[in-house]
Amino acid sequence: MAPTALILAGAGMLSDVVRDLVGHGWRVVVPSRRYAPVPADGDIPPTGRAVWVEAHWDRPEELARRVAKTVDGEPIDLLVTWLHEAYREPVLEAVEPLLSPTAPAVEVQSMTEAAPVPIQPSGRPTQYVFLGDVSAFDDTRPLGQAEIVAGVRAAVEQALAGAPSARHEIGHRRPYPAIPRPRVHGIVGAMPRRPFSATG
């Protein structure tokens, strides 16, 4: 039976990752509020398939029930998530029982939420992908989708290779503008400084 991946992200946000997994024979379950078709990869028909499940992040128990029905009780072999901080923990708790004990995870989040890589209570190896604001190649350009997808793909490959939990950073935080030093204008600025003389 084909391995099963569960990708929890906004509609279409990780469609290229879904396409890669489907092309390698995976059954990929993709819950989201609206349907987003997975783009075809050339003329070669995929050996796997993607299955959309209508779901809402603010209803995690309902989401988990729909995913469980879709996989028909089969354990999930890979979890990839890119969720807003407000929904992440409840959704992850809801789907945890659906995962195989050996299933690795990839968790994408913003660098603004960056923290030391936590130890998963389940012992599940997790690749943590932190997204910056600007490109790693050009601080004047926002971090783009192609750069994000390339980083997530690399993290998925490490997860499937059995790598231990690790932290990955894509792009950089937006650099803060340098604070200009105050300038003194006029004759006062031209006068040499002298030490204060003692009085009394």
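Before going into details, it helps to say that this report is about the structure given with it. In this text the structure is predicted, and so the values were computed from the model without any measurement.

1. Focus on the sheet that holds strand 4 (residues 78-82)
Within the open sheet, the 7 strands sit side by side as 3-2-1-4-5-6-7. Their pairing is parallel. In this open sheet, the two edge strands, each paired with only one partner strand, are strand 3 (49-54) and strand 7 (166-170). On average, each strand axis in the sheet is inclined to that of its neighbour by 15°, with strand direction left out of account. As judged from the 5 bridges shared by strand 1 (residues 4-9) and strand 4, these two strands associate in the parallel manner. Paired with leucine 6 across the strands is leucine 79, a residue of strand 4. Of the strands in this sheet, strand 1, strand 2 (27-32) and strand 3 touch helix 2 (residues 60-71), which is tilted by about 155° from strand 2.

2. Considerations on helix 1 (residues 15-23)
Residues Ser15, Val17, Val18, Arg19, Leu21 and Val22 constitute the buried set of helix 1. Summarising the contacts, the buried residues of helix 1 are in contact with strand 1, strand 2, strand 3, strand 4 and helix 4 (145-160). Looking one or two residues beyond helix 1, the residue adopting positive phi is glycine 25, at roughly 90°.

3. Some points on the side chain of arginine 124
Along the chain, arginine 124 turns up in the loop between strand 5 (105-110) and strand 6 (126-131). A distance of 2.6 Å separates a polar atom in the side chain of arginine 124 from a polar atom in the side chain of glutamate 96. Looking at arginine 124, its side chain comes within polar contact range of the main-chain oxygen of alanine 103, at 2.7 Å. In contact with arginine 124, not counting residues within four places along its chain, are Glu96, Leu99, Ser100, Pro101, Thr102, Ala103, Pro104, Ala105 and Ser165.

4. Things to note about the side chain of serine 135
In this fold, serine 135 is placed in the loop between strand 6 and helix 4. Using a relative accessible area of 0% as the deciding quantity, one classes serine 135 as buried. Among the polar contacts listed, one links the side chain of serine 135 to the backbone nitrogen of phenylalanine 137, at a separation of 3.0 Å. Here glutamate 147 takes part through its side chain, which lies 2.9 Å from a polar atom of the side chain of serine 135. If we ignore the near neighbours within four places in the chain, the residues touching serine 135 are Arg141, Pro142, Leu143, Glu147, Gly171 and His172.

The rules we used
- Residues numbered from 1 in each chain as written.
- Predicted model: local features only at pLDDT ≥ 70, side-chain atom pairs only at ≥ 80, totals over all residues.
- Heavy atoms only, no water.
- Pairing = 2+ DSSP bridges.
- Helix = DSSP H or I, 4+ residues; strand = E, 2+ residues; numbered from the N terminus.
- Axes fitted to C-alpha atoms, helices over the stretch in contact; angles between N-to-C directions.
- Contact = heavy atoms within 4.5 Å.
- Buried < 20%, exposed > 50% of the residue type's maximum accessible area, 1.4 Å probe, protein only.
- Polar contact = N/O pair within 3.5 Å; in protein donor to acceptor, adjacent residues only side chain to side chain.

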